[in-house]
Amino acid sequence: MKYEIDKQVIKKIERLKERRNAVILAHNYQPGEIQDLADFTGDSLGLSIRAARTDADTIVFCGVRFMAETAAILSPEKAVLLPEKSAGCPMADMITAEQLRELKRENPDALVVCYVNSSAEVKAESDYCCTSANAVEVVNSLPQDRRIVFVPDQHLGRFVAERTGRDLILWPGYCTTHVLITEQDIKTARAKYCNAVVMAHPECSEPVKELADELLSTGQMLKFAAKGTTQRFIVATEIGIIHTLKKQNPEAEFYPASERAVCPNMKKITLDKVIGSLEDMQFETTVPEPIRTRARKSLDRMVEILPTR
Ligand code: 13P
Ligand code: SF4
């Protein structure tokens, strides 16, 4: 979608950023104008690394709660703001810390790997955290003789099990947006856009992933498209990423596998809310200290293991 952000709005945000010594981070699924405005855009891993390394005093996190929480765990001395309080991730809410503790009691010898799309309490109960970009590397780094519990995304879990040959104990969580993309959507798009390469996110269902050419995190999709080896893509993930794919590759064609793949929570962030957030320092995301320290350990191990793709 083409639009111009009002110059006055940009100026206002710049002034507020200066006043708060703030940096704006935006996930690849954010509305186009938010991605354009941000200092950094990226996937969950890239944004976690940025959040850990920035020397700004304030981080405005344009994404969902678990992302702001992750930034707060990594940078407790900074003010981490989520511009819309109710922007959560249904998948992250599909497992509680108590449910994970029960799973650990049932599997006392297993190591626990949690997807970053989880609460701080769940991270605190886990040995390792991972994102879709480094989940395979994280699991590959674990001793062969240990069983592994993987929470909460069953679809990412099955992708990791297949790539690593490990038998993971899965939790039945899923992304309510990615499961809207169907096998039929891929078949229809392939018939319509001949010779297009299908890039799918590992959060998609298994039948969709079977039909895809490449299984990639959102950051990896951007890198893959930038290689320029092909000029026509069907994109099986949240449609917000198409904005940046088009912007970075103006010669190439990008088609959403499904127009239904919209994450309502990601779309709750607006320019007005970013302004309100900087003006009133809201909504500050904090993690209580004992939980933060434990969650930090699983995140530190994740940030160290970079993806090889
Ligand atoms: P990545 O950007 O890490 O691929 O994650 C996708 C996602 O669903 C974030 O909520
Ligand atoms: Fe959560 Fe899915 Fe939205 Fe990502 S796209 S924030 S996993 S609901």
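It should be noted that the structure appears before, not after, this text.
Predicted model, so just to flag it, every value in this text is computed and none were measured.

K.L.:
Would you take a moment to explain the site of ligand 1 for this structure?
P.N.:
Near ligand 1 you find 13 residues, and of these H27, S44, S132, H201 and T218 are the closest. A distance of 3.0 Å separates an oxygen atom of ligand 1 from a polar atom in the side chain of S44. Compared with its free state, where it exposes 300 Å², ligand 1 has 97% of that area covered by protein. Given that more than half its atoms are within 2 Å of the pocket grid, ligand 1 belongs to the largest cavity. In terms of residue class, the shell around ligand 1 is made up of 4 nonpolar, 7 polar and 2 charged.

K.L.:
I would appreciate a short explanation of empty space enclosed by the protein in the present structure.
P.N.:
Think of a ball as big as a water molecule: rolled over the atoms, this probe shows where empty space is left. This model, assessed by the stated rule, comprises 2 cavities of 30 Å³ or more. For the largest cavity, the calculated volume is near 240 Å³. Taken together, 26 residues make up the lining of the largest cavity; nearest its centre are Y29, F66, N117, E203 and M266. Taken together, the elements giving at least two residues each to the lining of the largest cavity come down to helix 3 (44–53) and helix 4 (65–74).

K.L.:
Is there a simple way to explain the sheet that holds strand 6 (residues 128–130) in this structure?
P.N.:
Two pairing modes exist for strands in a sheet, parallel and antiparallel, and in both the strands are linked by backbone hydrogen bonds. Across the sheet, which stays open at both edges, the 4 strands sit in the order 6-5-7-8 with parallel pairing between neighbours. Since the sheet does not close on itself, it has two edges, and those belong to strand 6 and strand 8 (168–170), each with one partner. Between one strand axis and the next, the sheet turns through 30 degrees on average, direction left out of account. In terms of strand pairing, strand 5 (residues 111–115) meets strand 6 through 3 bridges, oriented parallel. Bridge pairing in strand 6 links V113 to Y128. In the packing of helix 8 (residues 154–164) onto the sheet, contacts are made with strand 5, strand 7 (148–151) and strand 8, and the angle to strand 8 comes to roughly 170 degrees.

K.L.:
When you look at the pairing of strand 3 (residues 58–62) in this model, what are you seeing that I'm missing?
P.N.:
Most of strand 3 sits out of view: 5 of its 5 residues are buried. Neither face of strand 3 is left uncovered, since the one carrying T58, V60 and C62 and the one carrying I59 and F61 both have all their residues buried. Bridge count for strand 1 (residues 22–27) against strand 3 is 5 bridges, and the pairing is parallel. Counterpart to V23 in the pairing with strand 3 is I59. Here strand 3 pairs with strand 4 (residues 79–81) via 3 bridges, running parallel. In the strand pairing of strand 4, V60 is matched with L81. Handedness of the crossover joining strand 3 and strand 4 through helix 4: right-handed.

K.L.:
Would you take a moment to explain unusual backbone geometry for this structure?
P.N.:
Keep in mind that most residues, glycine aside, have a negative phi and that most peptide bonds are trans. In this model, V151 is joined to P152 through a cis peptide bond whose omega is -10 degrees. Note on placement: P152 falls in the loop between strand 7 and helix 8. For the bond running from Q282 to F283, omega is -5 degrees, close enough to zero to count as cis. Here F283 shows up in the loop between helix 13 (271–280) and helix 14 (289–304).

K.L.:
Looking at this structure, I do not really get the sheet that holds strand 11 (residues 232–236). What am I missing?
P.N.:
As summarised here, the arrangement of the 4 strands in space is 10-9-11-12, forming an open sheet in which the pairing is parallel. Two strands bound the open sheet, and with one partner strand each, they are strand 10 (214–215) and strand 12 (253–256). Here strand 9 (residues 197–200) runs beside strand 10; their pairing, made up of 2 bridges, is parallel. Looking at the pairing, M199 lines up with E214 of strand 10.

K.L.:
What is the right way to read the packing of aromatic side chains from this model?
P.N.:
Within a pair of aromatic rings, the relevant descriptors are the distance that separates the centres and the angle that separates the planes. Across all of its chains, the model carries 3 aromatic pairs by this definition. Ring geometry for F224 against F233: centres 6.3 Å apart, planes inclined by 80 degrees, an arrangement best described as edge-to-face. Residue classification places F224 among the buried positions, given a relative accessible area of 14%. What makes F233 buried here is its relative accessible area of 1%. Ring centres of F233 and F254 lie 4.9 Å apart, and the angle between their planes is 10 degrees; this geometry places the pair in the stacked category. Here F254 lies in strand 12 and F233 lies in strand 11, a separation of 21 residues in the sequence. These aromatic residues form a ring-pair network of at least three members: F224, F233 and F254. Directly above the aromatic system of Y128 lies the positively charged group of R301, at a separation of 5.3 Å from the ring centroid.

The rules behind each value
- Residues numbered from 1 in each chain as written.
- Chains lettered and ligands numbered in written order.
- Predicted model: local features only at pLDDT ≥ 70, side-chain atom pairs only at ≥ 80, totals over all residues.
- Heavy atoms only, no water.
- Near = heavy atom within 4 Å.
- Polar contact = N/O pair within 3.5 Å; in protein donor to acceptor, adjacent residues only side chain to side chain.
- Areas by Shrake-Rupley, 256 points an atom, 1.4 Å probe, with all protein chains shown as cover.
- 1 Å grid on protein atoms, 1.4 Å probe; cavity = no way out; pocket = protein on both sides within 12 Å on 5 of 7 lines; lining within 4 Å.
- Sits in = over half its atoms within 2 Å of the grid points.
- Nonpolar A, V, L, I, M, F, W, Y, C, P; charged D, E, K, R; others polar.
- Points joined across faces, edges and corners; volume = space filled by probe spheres on them.
- Helix = DSSP H or I, 4+ residues; strand = E, 2+ residues; numbered from the N terminus.
- Pairing = 2+ DSSP bridges.
- Axes fitted to C-alpha atoms, helices over the stretch in contact; angles between N-to-C directions.
- Contact = heavy atoms within 4.5 Å.
- Buried < 20%, exposed > 50% of the residue type's maximum accessible area, 1.4 Å probe, protein only.
- Right-handed = clockwise from strand over helix to strand, strands pointing away.
- Phe/Tyr/Trp six-rings, centres within 6.5 Å; stacked < 30°, edge-to-face > 60°.
- Lys NZ or Arg CZ within 6 Å of the ring centre and 35° of its normal.

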